[in-house]
Amino acid sequence: MSFETENISILDQFKEIMESGNTEQIHEFLDEQNISDVAGLINEFPDYENQIISNLSVHRAVSTFKILDFPAQKRIIQELSPSKTAELLNALPADDRTSFLEDLPSEVVKELIKTLDPEERKITLSLLGYEEGSVGRLMTPDYIAVQKDWTVREVIRHIRKVGKDSETIDVVYVVDDKGIFIDDIRIREIILADPDKKIEEVIDNRYIALHVNDDQEAANQAFKMNHRVALPVLDNNNILLGIVTIDDILWVANEEFTEDIQKIGGTEALDEPYLETPFFKLIRKRVGWLIILFLSEMLTATAMAYYNDELGKVLILTNFLPLIMSSGGNSGSQASTLIIQAMALGEVTLLDWWRVMRREILSGFVLGSILGAIGFFRIFVWHLLMQHGIFKDIYGPYWWLVALTVSFSLVGVVLWGTLSGSMLPIILKKLGADPASSSAPFVATLVDVTGLIIYFNVALFFMRGILL
């Protein structure tokens, strides 16, 4: 159910209160709403977004700001007063602040960083120093660290003292006096332990950690495989630099998924929501792939020109060109999409290339045989109907040669399509490129050209000396 349907009374009430201009009423109304509902109001009434954020407490403003789309965040920062902007940015968790700043122009970032408190400025500059797409950009320094010689009682007292400023208290991190990471402990284990027991007696030294320069996709896999709500981030010397929480990983996974879907569709990934993307930027994102695909399709015309003589002798072959080309393209697109998804989920690695190839060769042969049998049956039935005068005879006495050509061509083209579609993502990954770039349109274009060559050579094989 949509936000409008669920909250129609809230929308009407909000609009009425905003039009009244009563600041106290606005503040009171917003405090009664869930954070998600406040974000929904901003999306429904962008003209009021500045007033909404300004009338929220800092804590609620931060919670709302974090879940908004980047364009809305950008507009709010542009419209807020300098003092409110500084207050909001300083209160944002370091990882969320870094994620927002890294998408802004450098000159804007410089100005906004000046509004930060010295300590927050130091943390933000540190995070922005890590490579884009790395775990370092995601981590937050707001975590609870304890010493291994502390008692459980001391740890609980420490959590009560500093826990409110931590990103999460679900996990506590054990370090030595030099900041070197030792282990992590779930809060459940601390609560259930004897208060006089030392932390070194509770830890088991079985931990999962991320490196600060790891790719964010690697972090996504680590969370998925280990069912953690937070993971520590270490440097080369095993110093604990920060933590990454599951909410950050969920945002990364969503962005990666959106980017891959757009690339599979044959366009560059959009940096902003579709409706927020400037028109000419949208054209620029799409035209590159279209030009590449258009030039690739010109090879199809070249291939057809090479077989002009054969086409002139057996014009009936042209009737099946769309069928042959689309079948190969569809099978290739299927295989490409399946492998890209499997690689994104960690189900297929580069080492699995031979298993994938064997599987797709068999799949392509079976799928092609099924389509080939249907193609043969279609021509056979059509010929029988023509024999009874129901349809005009278009195949002639050698209808069975046309049927065999179409049937065997479908087997070859579908087999080649599945093989190409499955291997291209793996090859691109091996070369260090993004597997999603082997998009369905690209695979379809490749199979179109090679499919024509397969089709006409099969025709030559069956018809040479008879029709050709």
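Going along each chain's sequence as written, the residues are numbered from 1 onward. At least 70 in pLDDT is required for a residue's local features to be given in this predicted model, at least 80 for side-chain atom pairs to be given and counted, and no such filter applies to totals for whole chains, interfaces and linings, which use all residues. The side-chain values count all of the structure's non-hydrogen atoms but skip hydrogen atoms and water molecules.

1. Some details on the sheet that holds strand S5 (residues 230-234)
- Only strands that DSSP links by at least two bridges are regarded as paired with each other. Secondary structure elements follow DSSP: runs of H or I no shorter than four residues count as helices, runs of E no shorter than two count as strands, and numbering proceeds from the N terminus. A sheet is described by the order of its strands in space; here 3 strands give the open sequence S4-S5-S6, paired in mixed fashion. A strand with exactly one partner marks an edge of an open sheet, and here the two such strands are strand S4 (210-211) and strand S6 (240-245).
- With 5 bridges joining them, S5 and S6 adopt antiparallel strand pairing. Among the inter-strand pairings, leucine 234 is bridged to a residue of S6, identified as leucine 240.

2. Observations regarding helix H8 (residues 82-91)
- When accessible area is computed with a 1.4 Å probe and restricted to protein chains, residues below 20% of their type maximum are described as buried, those above 50% as exposed, and intermediate ones as partly exposed. Every buried residue of H8 is accounted for by Lys84, Thr85, Ala86, Leu88, Leu89 and Asn90.
- In this description, contact between two residues means that some pair of their heavy atoms is separated by no more than 4.5 Å. Looking at the packing, one finds that the buried side of H8 touches helix H5 (49-54), helix H6 (58-66), helix H7 (70-79), helix H9 (94-101), helix H10 (106-114) and helix H11 (118-128).

3. Brief notes about the pairing of S5
- Most of S5 is tucked away, with 5 of its 5 residues classed as buried.
- Burial along S5 is two-sided: the residues Ala230, Pro232 and Leu234 and Leu231 and Val233 are all buried.
- As defined by bridge partners, S4 adjoins S5 across 2 bridges and the pair is classed as parallel. In the strand pairing of S5, histidine 211 is matched with leucine 234.

4. Remarks on the pattern of salt bridges
- Any carboxyl oxygen of Asp or Glu that lies within 4 Å of a side-chain nitrogen of Lys or Arg is treated as forming a salt bridge with it. Applying the stated criterion across every chain, the model contains 10 salt bridges.
- Where arginine 60 meets aspartate 31, a salt bridge forms, and the shortest distance between an N and an O atom there is 3.4 Å. One end of the pair, arginine 60, is in helix H6; the other, aspartate 31, is in helix H3 (residues 23-31), and 29 residues separate them in sequence.
- According to the relative accessible area criterion, aspartate 31 is partly exposed, its value standing at 35%.
- As a salt-bridge pair, aspartate 196 and arginine 153 come within 2.8 Å of each other at their nearest N and O atoms. On the criterion of sequence distance, the pair formed by aspartate 196 in the loop between helix H13 (187-192) and helix H14 (199-202) and arginine 153 in helix H12 (residues 152-162) is long-range, its members being 43 residues apart.

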